[in-house]
Amino acid sequence: MEAHQHSPDSSSEECTVLEAPPGKNACPQHAGKVADLYCSACKCALCEDCLPNHAEHPKVALSQALEQHRNNLQERLGTVQDRLPQISDVLSFVKEILQQLTNQRASIEEDIQSSFEDLHKQLDVRKSVLLMELEVTYGLKQKVLQAQIDSLLRGEGDMTATCTQAEEALAGDPCVASLQVERELWERLGELAGLGLPCQPEENDQLDLVMETDGLRKSIHNLGTIVTTSAVASQSEAMGAGLEQCIVGHPASVTIVTRDKSGGACKSGNAILSAEVFTPDGSIVDGEIVDHKNGTYEFVYTVPKEGDFSLALRLYDQHIKGSPFKLTVTKTLEAELDVSPSTTTATNSAANATPSTGSSEGAKRRGKSPGQKKKGSKRASSALGTPRRKTQNPIEDDLIFRIGTKGRNKGEFTNLQGVAASSNGRILIADSNNQCVQIFSNEGEFKSRFGVRGRSPGQLQRPTGVAVHPSGDIIIADYDNKWVSIFSCEGKFKAKLGSGRLMGPKGVSVDQNGHVIVVDNKACTVFIFQLTGKLITKFGSRGNGDKQFAGPHFAAVNKNNEIIVTDFHNHSVKVFTLEGELVLKFGSNGEGNGQFNAPTGVAVDINGNIIVADWGNSRIQVFDGSGSFLSYINTSADPLYGPQGLALTSDGHVVVADSGNHCFKVYRYLQ
């Protein structure tokens, strides 16, 4: 027993060794006994003295149990350690969301302060105008009444004085001496009796203020709304036939139901959703998202060709449940029939106003509804898409070069959209899904890129349109951030405009006054801003009327300072004055000369000819200033696939964003 005693300052390790001579496998229940078994039922080590109490229990060798426990612990440790990077990523992502939320709060606070300061200024101006108007109106009326009073006072004074003289004369004795005076008084009284005095008021006392403040107070009471939703992507879901299958050229629909973190249905709209239909090598279709304002949304899209696609639905940049979905696009029954190809030459096709075919199918196709005309699968084998033109056609164009593949590096793109060209020989590309703008020389040499993903001022979430201001500033339409950002030519953020007004800015342009033209795809409205952000005017609404739009995309400005807008779902191009008055409309749904299947990019040459990217027909058409079809840009060497933005370079070539092929192309264009 002395061997087990120790001094107070002995270490615990020495104590353990002394208490368990056999080593680390000492039985915890019986001192001096070695445990060599393990009870699986009781989960404890056993020595020989423990066995009677565990006779019926399953037992294994202690070494085996220790090894198994060690393996289990190692496995559990590995499982938890494997989760750490995921948790770290999620933590970083949530911190980023919180930072963006904080930045957005600061931005909105700034917008609120600025908006109300502007309202205060406008109210002060209106107050001053009303006070000035009051003084002017009062002064005019007071002058009239005061002049009348002065006239009456003079008349009254003359009459009073003359009457007093006459009364004094009558009070005296009549005599020859007073005769002359009385005669003069008599004549004077006669004059006064017939004196024409203004005896009726020449002005009134009405001076009222009509201040209809009830409506204003109500407007002020409802002025501004803090918009948000509790929707999260992990709980939100989609439904509808458009999730799995659709027919070439026919609109398909998907319904998205947003839910909060507990799975409860959200009851309000305004969530930030994005949707894309893409092939394995990249995005080709955007479609249109309709917000029903009740927590549900509808994505309507049309695919121009058959095949296997993927449909990605994202809420706040995160895939919702089941996304991306596998999508099969098939032809219509009629399209699957064996139809003989067109027997008309490409030259005739380009020269005539409508395409002619050598089969009865051609007549049938011209009589179909607009939805049935969209046969993207036919275009690859049709001479219509890239016709050979007659030699006398003044436009002879060829592909000069193409730049880009799918990717996220310099010179690579993911869903490129808008295109701009600067006067100093630069081509600017809005690389939508890479959240940046890339800049190239007119010869296709990469120069620079800028843009950081995010929802704070100076960051880009989904840049879709780009333009260059005469000052050299770069103007970017940010679809998902719902504003337009202004950067210096070096890519330094300067300001944003349209925040709180825009719903989905798609395209931007600049007029001859230096004003910024913004095409709001969601609001179906064209906005005109000063570079300072002040709204000058706006026009347009959703619909199919002449002054209405259905998903407008891009805009250009002609030499008359008129705005040319591509009306995507109305399959037309419209020209407006700066005041929003319609000047010209041309185009209809179809595949013929001068017809469109959803026009996108637009540009104007020095002669006023209008160049239009025909997205669904994968071609570029050229029209004169009155909207008459002239020809096509020859794209037969390297066919387009869903062209988007379009511009004219400073050296006179046509540059187009070939979105489906993840590149931009430059074509020779003789003006």
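Parameters and conventions
Residues numbered from 1 in each chain as written. Predicted model: local features only at pLDDT ≥ 70, side-chain atom pairs only at ≥ 80, totals over all residues. Heavy atoms only, no water. Helix = DSSP H or I, 4+ residues; strand = E, 2+ residues; numbered from the N terminus. Buried < 20%, exposed > 50% of the residue type's maximum accessible area, 1.4 Å probe, protein only. Contact = heavy atoms within 4.5 Å. Areas by Shrake-Rupley, 256 points an atom, 1.4 Å probe, with all protein chains shown as cover. Patch = residues over 30% accessible without salt bridge, like charges linked within 9 Å, V, L, I, M, F, W, Y side chains within 5 Å. Salt bridge = Lys/Arg side-chain N within 4 Å of Asp/Glu carboxyl O. Pairing = 2+ DSSP bridges. Axes fitted to C-alpha atoms, helices over the stretch in contact; angles between N-to-C directions. Left-handed = near helix turned anticlockwise from the far one by under 90°. pLDDT = per-residue confidence, 0-100. Phe/Tyr/Trp six-rings, centres within 6.5 Å; stacked < 30°, edge-to-face > 60°. Lys NZ or Arg CZ within 6 Å of the ring centre and 35° of its normal. Core = buried A, V, L, I, M, F, W, Y, C linked by side-chain atoms within 4.5 Å. Expected span 1.5 Å × (residues − 1). Bend = angle between axes of the 7 residues up to and from the residue.

Caption draft 1: How the structure looks around the overall build of the protein chain. Scanning the protein chain for helices and strands turns up seven helices and 37 strands. Among the 671 residues that make up the protein chain, the fraction classed as buried is 42%. Restricting the contact set of the protein chain to residue pairs at least 6 apart, pairs at least 24 apart contribute 52%. Of the roughly 35900 Å² of accessible surface on the protein chain, 53% is carried by carbon and sulfur atoms.

Caption draft 2: Spotlight on a nonpolar patch on the surface. A surface patch of nonpolar side chains, amounting to about 490 Å² of accessible area, comprises Ile 108, Ile 112, Phe 116, Leu 119, Leu 223 and Ile 226. Here Ile 112 shows up in helix H2 (residues 62-171). Residue classification places Ile 112 among the partly exposed positions, given a relative accessible area of 39%.

Caption draft 3: Just the environment of Asn 25, in detail. Inspection of the secondary structure puts Asn 25 in the loop between helix H1 (12-19) and strand E1 (37-39). The class for Asn 25 is partly exposed, based on a relative accessible area of 31%. It is 8.5 Å that separates the C-alpha atoms of Asn 25 and Ala 45, two residues lying 20 residues apart in sequence. Once residues lying within four places of it in the same chain are set aside, the contact partners of Asn 25 are Lys 33, Val 34, Ala 35, Leu 62 and Leu 66.

Caption draft 4: Structural detail: the pairing of strand E11 (residues 307-315). When strand E7 (residues 273-279) meets E11, the two strands line up antiparallel, connected through six bridges. Opposite Phe 278, over in E11, you have Ser 310 as the bridge partner. The sheet contact formed by E11 and strand E13 (residues 325-330) spans five bridges and is antiparallel. Bridge pairing in E13 places Ser 310 opposite Lys 326. For E11 and strand E12 (residues 318-319), the ladder comprises two bridges, and the chain directions are antiparallel.

Caption draft 5: Fine view of the sheet that holds strand E36 (residues 654-658). Pairing in this open sheet of four strands is antiparallel, and the strands run E14-E37-E36-E35 from one edge to the other. Where the open sheet ends on each side, the last strands, each with one partner, are strand E14 (399-403) and strand E35 (643-648). The sheet shows a mean angle of 20° between the axes of neighbouring strands, taken without regard to direction. In this structure, E35 lies alongside E36, joined through four bridges in antiparallel fashion. Bridge pairing links Pro 643 to Asp 658 in E36.

Caption draft 6: Region of the structure containing the packing of H2 against helix H3 (residues 176-193). Orientation of H2 relative to H3, taken along the N-to-C sense of each, is 150°, at an axis distance of 10 Å. Every pair of crossing elements has a handedness; the one defined by H2 and H3 is left-handed. Residues Asp 158, Met 159, Thr 162, Cys 163, Gln 165, Ala 166 and Ala 169 of H2 pack against Glu 182, Leu 185, Arg 188, Leu 189 and Leu 192 of H3.

Caption draft 7: Quick peek at the confidence of the model for the protein chain. Looking at the protein chain as a whole, the pLDDT averages 83, with 86% of positions reaching at least 70. Here residues 1-22 scores under 50 on pLDDT; set against residues more than four positions off or in separate chains, the count is eight contacts. Below pLDDT 50 for its whole length, residues 333-397 participates in 112 contacts with residues either more than four positions away or in separate chains.

Caption draft 8: Geometry of the packing of aromatic side chains. Counting across every chain of the model gives 16 aromatic pairs. Ring centres of Phe 623 and Phe 629 lie 6.0 Å apart, and the angle between their planes is 80°; this geometry places the pair in the edge-to-face category. Taken together through their ring pairs, the aromatic side chains of Phe 586, Phe 596, Phe 623, Phe 629 and Tyr 632 make up a single cluster. One Lys or Arg, Arg 462, reaches over the ring of Tyr 479 and ends 4.9 Å from the middle of that ring. Cation over ring: Lys 496 sits above Trp 483, and NZ or CZ is 4.8 Å from the ring centre.

Caption draft 9: How the structure looks around the sheet that holds strand E30 (residues 582-586). Read from one edge of the open sheet, four strands run E27-E28-E29-E30, paired in antiparallel fashion. Pairing within the sheet leaves two strands with one partner each, and these edge strands are strand E27 (552-557) and E30. Between one strand axis and the next, the sheet turns by 20° as a mean value, whatever way the strands run. Relative to E30, strand E29 (residues 572-576) is paired through four bridges, and the arrangement is antiparallel. Looking at the pairing, Val 575 lines up with Leu 584 of E30.

Caption draft 10: Main features of the pattern of salt bridges. Applying the stated criterion across every chain, the model contains 24 salt bridges. Lys 585 is the salt-bridge partner of Asp 546, the closest N and O atoms lying 3.5 Å from each other. With Asp 546 in the loop between strand E26 (535-539) and E27 and Lys 585 in strand E30, this pair connects stretches of sequence that are 39 residues apart. When salt bridges with common partners are traced through the structure, they connect Glu 96, Asp 317, Arg 453 and Arg 455 into a single cluster.

Caption draft 11: Seen up close, the pairing of strand E19 (residues 463-468). With respect to burial, E19 is a largely interior element, five of its six residues being buried. When E19 meets strand E20 (residues 474-478), the two strands line up antiparallel, connected through five bridges. Across the sheet, the residue bridging to Ala 467 is Ile 475, located in E20. Hairpin connection of E19 to E20: five residues between the antiparallel strands, including Gly 472 at a positive phi of 100°.

Caption draft 12: Geometry of the nonpolar core. Counting residues in each nonpolar core, the largest one holds 31 residues, and the members touching the most others are Val 254, Ile 256, Val 277, Phe 299, Tyr 301 and Leu 313. Elements with a minimum of two residues in this core: strand E4 (232-239), strand E6 (252-259), E7, strand E10 (296-301), E11 and E13. Top element by residues in this core is E11. It accounts for four residues.

Caption draft 13: View of H2. Spanning 110 residues, H2 covers 153 Å between terminal C-alpha atoms, matching the ideal 164 Å at 1.5 Å per step. At Leu 84, H2 shows its largest kink, close to 25°, and the proline Pro 85 lies no more than four residues downstream. Regarding H2, the residues found buried are Leu 62, Ala 65, Gly 78, Gln 100, Ser 107, Lys 141, Gln 148, Ser 151, Gly 155, Thr 162 and Ala 166. Of the surrounding elements, those touching the buried residues of H2 are E1, strand E2 (44-46), strand E3 (59-61), H3 and strand E22 (493-497).

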